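# Results of the structural survey
Single-letter residue listing:
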Amino acid sequence: SAKTHGRNRFNYFTPAMQSDAQKRMLLVQELKNAVLQEQFELYYQPIVELGSDSVIKAEALIRWDHPTMGFISPAEFIPIAEETGMIIDIGNWVFNEAVAQSAKWKALFNVDIQISINKSPVQFRDETTDVQDWLSTMSQLQLNAKSICIEITEGLLLEKEQNVEAKLLAYREAGLEVSLDDFGTGYSSLSYLRKFNIDYLKIDKSFVNNLTPDSNDLSLCEAMIVMAHKLGMKVIAEGIETEQQRNLLEFAGCDYGQGYLFSHALCSEDFEQKYLQQRADLIMINQFTAS
Ligand code: C2E
Ligand code: MG
Ligand code: MG
Ligand code: MG
């Protein structure tokens, strides 16, 4: 009873925590609806090749526009989706949406935009899903394997389960590329870089935020870039917001950049208009002048 549990319980269950718990329960319920009613949309943030300023890659980022609560951040609902297992259905939706978009862009604009999707460790651990499902979807759409890049986080590479390692290998053997997201924030062990072949290292935005000449953060970025290149990886810096950050990173040899300086994540129509339409027009002009 309340009496035997005494005062501790009162102290523990403060009004603030109670509302947190309630909020979470509400979100779980609403998230179930969202999956059924497909209240999600994929947005695309350009990844810019720093040397050429060209956009041949984009990261797919999920957006949840709730009918009454408005936009809810993935930082808020992805952890809940992971804890409840809903990330499996959501992750499959994200994948199907991304490959459909890739096929559409290829057909409409004759461009190969590589789309990166974030794949949670929970999805890798799931026994009911098979790498082969995604691969066969891609071949049905006649997509090049390099059309999709899978973003994983460092934690995944520390997993002891053989299954996780096997799945990662299977993607790479099929020709998909793999990015290591949020690099430098998770685990300081580098030994996993010996074991796994990773195509891109994404420097976390916390190293980019305060990037100035002569800063420790610049030294860290330079070291990460040299290390990545020596191991055969390309580097993408996240969270670039200023010209200075962009220039310091390019000078340090960073291959790609992503951030609000270039663009926020855009809905597919805006992405097409801003980055693909022009290119399709150019192709038309080239064909016209060549004939
Ligand atoms: P992430 O994969 O590291 O994605 C980058 C995040 O940084 C995105 O936040 C993006 O909007 C934000 N960002 C990009 N440029 C800038 C910048 O210049 N400044 C700042 N301050 N932020 C920038 P977003 O879209 O809110 O996503 C947050 C996280 O949620 C993602 O981090 C990822 O871990 C997760 N997430 C998003 N979509 C998915 C998804 O489809 N599946 C899974 N499993 N996780 C997702
Ligand atoms: Mg990511
Ligand atoms: Mg990231
Ligand atoms: Mg991040």
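Being a predicted model, the structure only gives us computed values, none of them experimental. (Residues numbered from 1 in each chain as written. Chains lettered and ligands numbered in written order. Predicted model: local features only at pLDDT ≥ 70, side-chain atom pairs only at ≥ 80, totals over all residues. Heavy atoms only, no water.)

## Things to note about the coordination of the magnesium ion (ligand 2)
Coordination sphere of the magnesium ion (ligand 2), protein contribution only: E59 (OE), N118 (OD1), E151 (OE) and D181 (OD), at 2.0 to 2.2 Å. Separating the magnesium ion (ligand 2) from the magnesium ion (ligand 3) is a distance of 3.8 Å, and D181 supplies a donor atom to each of them. Of the two residues, E151 is situated in strand β5 (residues 148-153) and D181 in strand β6 (residues 177-183); the sequence distance between them amounts to 30 residues. Here E151 falls in the buried class, since its relative accessible area comes to 2%. (Donors = N, O, S within 2.8 Å, 3.2 Å for Na, K, Ca; no water. Helix = DSSP H or I, 4+ residues; strand = E, 2+ residues; numbered from the N terminus. Buried < 20%, exposed > 50% of the residue type's maximum accessible area, 1.4 Å probe, protein only.)

## A word on the site of ligand 1
Around ligand 1 lies a shell of 20 residues, among which R63, D181, K205, E241 and Y260 are the nearest. One of the side-chain nitrogen or oxygen atoms of N118 is found 2.9 Å away from an oxygen atom of ligand 1. Y260 places a main-chain nitrogen or oxygen 2.8 Å from an oxygen atom of ligand 1. For ligand 1, the protein covers 83% of the area, taking 800 Å² as the surface of the free molecule. (Near = heavy atom within 4 Å. Polar contact = N/O pair within 3.5 Å; in protein donor to acceptor, adjacent residues only side chain to side chain. Areas by Shrake-Rupley, 256 points an atom, 1.4 Å probe, with all protein chains shown as cover.)

## Here's the deal with the nonpolar core
Ranked by size, the top nonpolar core spans 78 residues in total, and within it I117 and I152 carry the most contacts. Discounting chain neighbours no more than four positions away, the residues touching I117 are A60, V94, F95, A98, W134, I148, C149, I150 and E151. Core analysis: the second largest hydrophobic core is formed by five residues, I47, Y200, I236 and Y256 among them. (Core = buried A, V, L, I, M, F, W, Y, C linked by side-chain atoms within 4.5 Å. Contact = heavy atoms within 4.5 Å.)

## Looking at helix α3 (residues 74-84)
At 3.6 residues per turn, the α-helix brings residues three or four places apart onto the same side. Turning to α3, its buried residues are F77, I80 and A81. Down the axis of α3, the buried set is contained in an arc of 105°. They therefore lie on one face. Set apart from the buried face of α3 by more than 90 degrees, the exposed residues are A75 and E83. Sitting at the amino-terminal end of α3 is S73, which places a side-chain oxygen 3.0 Å from the backbone nitrogen of A75. Trailing α3 by a residue or two, G85 shows a phi angle of about 85°, which is positive. (Arc of directions from axis to C-beta.)

## What to know about empty space enclosed by the protein
This model, assessed by the stated rule, comprises one cavity of 30 Å³ or more. The calculated volume of the largest cavity comes to roughly 70 Å³. Residue lining of the largest cavity: I88, N92, K119, Q123, T129, D130, V131, W134, K167 and Y171, and that is the complete set. For the lining of the largest cavity, the elements supplying multiple residues, two or more each, are α4 (87-109), α6 (131-140) and α8 (162-174). Taken together, the residues of the lining of the largest cavity sort by class into four nonpolar, three polar and three charged. (1 Å grid on protein atoms, 1.4 Å probe; cavity = no way out; pocket = protein on both sides within 12 Å on 5 of 7 lines; lining within 4 Å. Points joined across faces, edges and corners; volume = space filled by probe spheres on them. Nonpolar A, V, L, I, M, F, W, Y, C, P; charged D, E, K, R; others polar.)

## A look at the coordination of the magnesium ion (ligand 3)
Taken together, D181 (OD), D182 (OD), E238 (OE) and E238 (OE) make up the full set of protein donors to the magnesium ion (ligand 3), lying 1.9 to 2.7 Å away. Counting the intervening residues between successive donors of the magnesium ion (ligand 3) yields the motif D-D-x55-E.

## Things to note about the confidence of the model for the chain
Detailed reading of the predicted model is not advised wherever pLDDT is low. Per-residue confidence for the chain gives a mean pLDDT of 90, with 90% of residues at or over 70. Ignoring residues within four places in sequence, the model shows residues 1-11, a span with pLDDT below 50, making zero contacts including any to other chains. Confidence estimates for the predicted assembly give a pTM of 0.91 and an ipTM of 0.98. (pLDDT = per-residue confidence, 0-100.)

## Looking at helix α12 (residues 243-251)
All buried positions along α12 are accounted for by Q245, R246, L248 and L249. Looking at the buried residues of α12, the elements they touch are α10 (205-208), α11 (216-230) and β8 (234-237).

## Some thoughts on the packing of α4 against α6
Orientation of α4 relative to α6, taken along the N-to-C sense of each, is 20°, at an axis distance of 10 Å. Put simply, α4 runs roughly parallel to α6. Judged by the sense of rotation from one axis to the other, the crossing of α4 with α6 is right-handed. In contact with G91, N92, F95, N96 and V99 of α4, α6 contributes W134, T137 and M138. Class assignment for the residues of the contact of α4 with α6 results in four nonpolar, four polar and no charged. (Axes fitted to C-alpha atoms, helices over the stretch in contact; angles between N-to-C directions. Parallel < 35°, antiparallel > 145°, perpendicular 65-115°, else oblique. Left-handed = near helix turned anticlockwise from the far one by under 90°.)

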